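# Chain and residue survey
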Amino acid sequence: MPGGAFSYALLLALAIALLVAAFTDLKRREIDNALNLAIALAAPLWWWSMGFGWSAVAWQVGLCVITFAVACVLFALRQMGGGDVKLLTALALWFAPAHFGQVIVLMAMIGGGASIAMAAFNMERVRGETVRDAIGWIVAIGWVLLAGSIVHALAMHRPLISPQRLEAIHHAIPQTWMLAVGALVLVALFLFGFRHIMRRQKSRLPIPYGVAISAAALWVIAEHTLFTQVSG
């Protein structure tokens, strides 16, 4: 856990900033540059309050640079907005590399689940494609449930499938080839449903990834998984 009242005050300020970012992204699909800049400029205060040495600071800056480079690629592919890129880059200055990885995974699961759910609602109905629409909805619901299960497992630090359940599945389906066939059928069903959803989009949806980023970061902050050790 961070040490000192000043460190706690900084974390509280960061949490408030993340809530504001989520609200503005949800309301008008953008995150203010001033807010992202404030988060980035406050990071050195966090380093100072935690007594970071030069090596720890170098790790944070390096993580920030890598995050910015990868996020820029996603921006070029139109998978992230400019505000999302800046927010994620600023947050890379606050989180230890391992815990920032947790933020990324949680963000991907939350954002991915929200994206496919919104895309399903945005499907254009075409006469004679009721069955395809049903498959699309099954895939969307299944994906959202899977994403939610992964988020819950990560947040609770539990395996996605318990050993007892794995053993029960093994007893129910003893043949490996049957599991392989089942997995291939599920993959084929998902690809078909996902393609149908994307093919029937009425318009391009602006996905509020800022909400997913903020939610993931807030969860990690709540678990006190920021840097807890001073580096010399």
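### Remarks on the overall build of the protein
- When helices and strands are counted, the protein shows 9 helices and 0 strands.
- In sequence order, the protein lays out its α and β elements as α-α-α-α-α-α-α-α-α.
- Residues counted as buried form 38% of the 232 residues belonging to the protein.
- In the protein, the share of contacts with a sequence separation of at least 24, taken over all contacts with a separation of at least 6, comes to 81%.
- Carbon and sulfur atoms form 73% of the exposed surface of the protein, whose accessible area is close to 13,400 Å².

### Concerning the nonpolar core
- Membership of the largest hydrophobic core comes to 43 residues, with the highest contact counts inside it found for Ile39, Trp46, Leu87, Leu91, Trp94 and Phe95.
- Mapped by element, the contributors of at least two residues to this core are α1 (5–28), α2 (33–50), α3 (54–76), α4 (82–91), α5 (97–121) and α9 (209–222).

### Focus: a nonpolar patch on the surface
- Together, Ile66, Val70, Val73, Leu74 and Leu77 give the surface a local cluster of nonpolar side chains, amounting to about 450 Å² of exposed area.
- The exposure class assigned to Leu74 is partly exposed, which follows from its relative accessible area of 32%.

### Side note on the environment of Ala134
- Note that Ala134 resides in helix α6 (residues 130–156).
- On the basis of relative accessible area, Ala134 is assigned to the partly exposed category, the value being 38%.
- As for Ala134 and Gly193, which are separated by 59 residues in sequence, their C-alpha atoms are 8.6 Å apart.

### Looking at the layout of surface pockets
- If you add up the space inside the second largest pocket, you get close to 360 Å³.
- Forming the boundary of the second largest pocket are Ile138, Val139, Gly142, Trp143, Leu146, Ala183, Leu186, Val187, Leu189 and Phe190.
- Elements with a minimum of two residues in the lining of the second largest pocket: α6 and α8 (176–199).
- Among the residues making up the lining of the second largest pocket, the classes are represented as 9 nonpolar, 1 polar and no charged.

### A few points about α1
- Taking 1.5 Å per residue as the helical rise, α1 with its 24 residues ought to reach 34 Å, and the 34 Å between its terminal C-alpha atoms agrees with that figure.
- Within α1 the residues assigned to the buried category are Ser7, Leu10, Leu11, Leu14, Ala15, Ala17, Leu18, Ala21, Ala22, Thr24 and Asp25.
- Residues of α1 that are buried in the fold lie against α2, α4 and α9.
- Directly after α1, the chain includes Arg29, whose backbone phi takes a positive value near 55°.

### Things to note about the confidence of the model for the protein
- Looking at the protein, the pLDDT average stands at 82 and 87% of residues meet or exceed 70.
- For residues 228–232, every residue scores under 50 in pLDDT, and the model assigns this stretch 13 contacts once sequence neighbours within four places are set aside.

### Thoughts on the pattern of salt bridges
- This structure, assessed with the given rule, holds 2 salt bridges.
- Arg199 is the salt-bridge partner of Glu129, the closest N and O atoms lying 3.9 Å from each other. On the criterion of sequence distance, the pair formed by Glu129 in the loop between α5 and α6 and Arg199 in helix α8 is long-range, its members being 70 residues apart.
- The partly exposed category is assigned to Arg199, whose relative accessible area is 34%.
- The partner of Glu129 in a salt bridge is Arg200, with the nearest N and O atoms 3.0 Å apart. One end of the pair, Glu129, is in the loop between α5 and α6; the other, Arg200, is in the loop between α8 and α9, and 71 residues separate them in sequence.
- Taken together, the shared-partner salt bridges connect Glu129, Arg199 and Arg200 into one network.

### Topic: α9
- Counted at 1.5 Å a residue, the expected span for α9 with its 14 residues is 20 Å, and the 20 Å between its end C-alpha atoms agrees.
- Along α9, the residues that are buried comprise Tyr209, Gly210, Ala212, Ile213, Ser214, Ala216, Ala217, Val220 and Ile221.
- Its buried side turned inward, α9 meets α1, α4 and α5.

### Some details on the packing of aromatic side chains
- In the structure shown here, the tally under the stated rule is 5 aromatic pairs.
- Each member of the aromatic cluster is reached from another via a ring pair, and the members are Trp143, Phe190 and Phe194.

Rules behind the numbers
Residues numbered from 1 in each chain as written. Predicted model: local features only at pLDDT ≥ 70, side-chain atom pairs only at ≥ 80, totals over all residues. Heavy atoms only, no water. Helix = DSSP H or I, 4+ residues; strand = E, 2+ residues; numbered from the N terminus. Buried < 20%, exposed > 50% of the residue type's maximum accessible area, 1.4 Å probe, protein only. Contact = heavy atoms within 4.5 Å. Areas by Shrake-Rupley, 256 points an atom, 1.4 Å probe, with all protein chains shown as cover. Core = buried A, V, L, I, M, F, W, Y, C linked by side-chain atoms within 4.5 Å. Patch = residues over 30% accessible without salt bridge, like charges linked within 9 Å, V, L, I, M, F, W, Y side chains within 5 Å. Salt bridge = Lys/Arg side-chain N within 4 Å of Asp/Glu carboxyl O. 1 Å grid on protein atoms, 1.4 Å probe; cavity = no way out; pocket = protein on both sides within 12 Å on 5 of 7 lines; lining within 4 Å. Points joined across faces, edges and corners; volume = space filled by probe spheres on them. Nonpolar A, V, L, I, M, F, W, Y, C, P; charged D, E, K, R; others polar. Expected span 1.5 Å × (residues − 1). pLDDT = per-residue confidence, 0-100. Phe/Tyr/Trp six-rings, centres within 6.5 Å; stacked < 30°, edge-to-face > 60°.

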